[in-house]
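# Close look at the chain arrangement
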Amino acid sequence: MASSHLHRHAPRLIRLSRPLSLIATKQAVNLQRHYGSQASLLLGNTFTKQMSPSRLQRVPSLVFAKYAHTAPAATSTTDRLKKLRALMQTEYNVSAFVVPSEDAHQSEYVAECDERRAYISGFTGSAGLAIVSLESAALFTDGRYFLQASQQLDSNWTLMKSGLPDVPTWQEYLVQNLPSGSHIGIDPLVFTATDAHKLEKELAKIGSKLVPVPNLVDQIWDNRPRRPANKLMTLSTETTGKTHMEKIQQLRQELEKRGVAGCVVSGLDEVAWLFNLRGSDVHCNPVFFAYAVITPTSVNLYLQPESVTSNVREHLGSDITIKPYDSIFDDLQDLSSTLPQGEKVLLGTRTNLAMAMRLGKKNVVEARSPVIDAKAIKNDAELSGMRQCHLRDAAAVINYFAWLEEKLASGDALDEADAADKLHLFRSQQKGFVGPSFDTISSTGPNGAIIHYKPEKPTAATINPDLMYLCDSGGQYTDGTTDITRTLHFGNPSSHEKQCFTRVLQGHIAIDSSVFPDGTTGYLLDILSRRALWSDGLDFRHGTGHGVGAFLNVHEGPHGCGTRISFNEVALVPGMTLTNEPGYYEDGKFGIRIENVLLVQKKATKHQFGGKAFYGFEHITFVPIQTKLIERSLLSPSEVDWINRYHAECLEKVLPLLVKDSPGYHWLKREAKSLP
């Protein structure tokens, strides 16, 4: 899935228009086989709570022109803004209130109760920030969402297209567009301490200041959803490769090396990874609401009591103290008063300001969380799981493409949402499948140009076999997480479409084939994905790749591949995962993206200049790339060889997983043919 130079967002419900009986039955069998009695925890959370039949009633289709897609209607925000401004003016005396996308854990994808920016603005993309002043409202988002935001924002809002020339950052906007001496309200729970400190310095230059206030959106949000507290599940060392106590000991050694008295672990995926636990509190992300505080002598894990089972207590053992989720703030204040003189607590750069305030500035050192770094480098067990789940996922995707092609060829009318539901069904038949890793991007023709498009009834378009079809999807499995994009044409592509597709493919091959010395970052490799596109004056407005969790979040840092300067801070090393997903998009016409998941690995090179090791990639996604869309004359001999070798691998690895003589079996054999 395309990342921002990193990173989608949608209602917290998996919308299936087809009956759930088969999916639920297959899922129960898969999870029961793999996790025994614990299967009911994830199954119940994911399907019973998030996908209850009463919420999955098929939305009646509206009558509209064939292949038409109705743009999502803008939500009226007039009344919401009026209430918010009244609070700002009469109760808190602030000139503006800033509403980011993130929750108290700086999550990219958030629970429904934390969708504050979506509620106040109407824009539902995963990345963005809203600034509401007494006179105006501005929404900042990146290039993946320009089109979607323009459709979803009503006339109260100004869309600020981040990254374009002459468009200020949201921080610059606060300095340039508000009067000097302004008081700017922020909820310290959803702002990082690092960002707040930087902004304070800039505002001070014009006599303005940040004012911590309770979240004002929460106060005007009628019927705000409750925070989920679903049951947790435990993972075995067969899946994780290390016990949670081994990980904690490794963390303590790192803290000792850094000379700090302890650390706060606040990222939901960090807590899940560290304690070998998974949950289902956030749609498509197997995480749960929690914090942890680690010192040399204690481990406190802050959980919602309703989520804890006897099995979880047994798994954690007596060395872990379980405390109520919200009690961490009082505990941090107590910790600040007992710290020996000069000792500090490490806060990750994505830890919220409220925690830094409780500890006190003098007691804190801010740095990237060591848990993020450790989690990014997969061990042998995690890498094995990633490889295996990608093979099963490839079988599901191949079966889906074969089914879709057959339906379209027979003249059946299928909309994008129905197609996405069918893909979900094919995945649910695979061993260990838990749910999607993000909402499927099933997009025909011009909808493919909406980079993070989400088809929903009744506006989903009918798939037109004479237009490009882009499908970006992924699955959560008990042994790993997948993310794959393929672009197909079921009719006769134009020469322009083939040329654009081939340029994207050349960028994909260049990344996959690259060999680079130790110390190289994804920032430096990014140009390889764009070189062929640039030769035709083309480009794309998202990152080339992001890390992928092991049965965790589909977007994982701290590394990545793109034009964001932060990607130059972390070198790629063996054990890391990285997507390879260059693309090209023409608004109103089509979108193209080709995505595989890669593993960074050591390469045997003839020389080792400067004594350095050299690295490259192992691709673990095995679904053919449609040769019908390739303009053969543009390819070099080495690029043709890459395609032919890749297709041979697809046949070798995935064909045994398909039912012989099934549509998927024949589709793979045909599509994995060699180029002459």
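Residues numbered from 1 in each chain as written. Predicted model: local features only at pLDDT ≥ 70, side-chain atom pairs only at ≥ 80, totals over all residues. Heavy atoms only, no water.

Two descriptors summarise a pair of aromatic rings, namely the distance from one centre to the other and the angle between the planes of the rings. Per the counting criterion, the structure on display carries 17 aromatic pairs. Plain terms: the ring middles of Phe516 and Tyr615 are 6.4 Å apart, the flat faces sit at 80° to each other, and that makes the pair edge-to-face. Of this pair, Phe516 sits in strand E21 (residues 516-517) while Tyr615 sits in strand E28 (residues 614-619), and the two are 99 residues apart along the sequence. A relative accessible area of 2% means that Phe516 is categorised as buried. (Phe/Tyr/Trp six-rings, centres within 6.5 Å; stacked < 30°, edge-to-face > 60°. Helix = DSSP H or I, 4+ residues; strand = E, 2+ residues; numbered from the N terminus. Buried < 20%, exposed > 50% of the residue type's maximum accessible area, 1.4 Å probe, protein only.)

Right, let's get into unusual backbone geometry. A cis geometry characterises the amide bond from Lys457 onward to Pro458, with omega recorded as 0°. Structurally, Pro458 is set in the loop between strand E16 (441-444) and strand E17 (468-473). Omega for the peptide link from Gly557 to Pro558 comes to 10°, which places this bond in the cis form.

If you look at the biggest cluster of nonpolar residues, it comprises 76 residues, and the most contacted ones within it are Phe275, Ile294 and Leu301. With residues near it in sequence (within four places) discarded, Ile294 still touches Ile248, Leu251, Arg252, Leu255, Gly262, Cys263, Val265, Leu274, Phe275 and Val299. Formed by 62 residues, the second largest nonpolar core is a distinct cluster that contains Leu391, Ile451, Val623 and Leu675. (Core = buried A, V, L, I, M, F, W, Y, C linked by side-chain atoms within 4.5 Å. Contact = heavy atoms within 4.5 Å.)

Here is the key point about a regular strand: its side chains alternate between the two faces of the sheet. Taking every second residue as pointing to the same face, both faces of strand E8 (residues 262-265) are buried, with Gly262 and Val264 on one and Cys263 and Val265 on the other. Pairing of E8 with strand E13 (residues 345-348) involves three bridges; the strand directions are parallel. Of the residues in E13, the one forming a bridge with Gly262 is Val345. In this sheet, strand E10 (residues 290-294) lies alongside E8 in antiparallel orientation, the contact comprising three bridges. Paired with Val264 across the strands is Val293, a residue of E10. (Pairing = 2+ DSSP bridges.)

Attention now moves to the pattern of salt bridges. Once their charged atoms are close, side chains differing in charge can pair, the charge on each being opposite to the other. In the structure shown here, the tally under the stated rule is 33 salt bridges. Between Arg368 and Asp373 there is a salt bridge, with its nearest N and O atoms 2.8 Å apart. Since its relative accessible area comes to 30%, Arg368 is described here as partly exposed. By relative accessible area, Asp373 is classed as partly exposed at 24%. Put simply, Asp412 and Lys407 hold a salt bridge, and the shortest N to O gap is 3.7 Å. Residue classification places Asp412 among the partly exposed positions, given a relative accessible area of 33%. The partly exposed category is assigned to Lys407, whose relative accessible area is 27%. (Salt bridge = Lys/Arg side-chain N within 4 Å of Asp/Glu carboxyl O.)

Structurally, the position occupied by Ile294 is in strand E10. When the C-alpha positions of Ile294 and Cys263 are compared, they lie 5.4 Å apart, and in sequence the two are 31 residues distant.

We now examine the confidence of the model for the protein chain. Averaged over the protein chain, the pLDDT score is 91; the fraction of residues at 70 or greater is 90%. In this model, residues 5-70 is a region of pLDDT below 50 whose contacts with residues beyond four sequence positions or in other chains number 183 contacts. (pLDDT = per-residue confidence, 0-100.)

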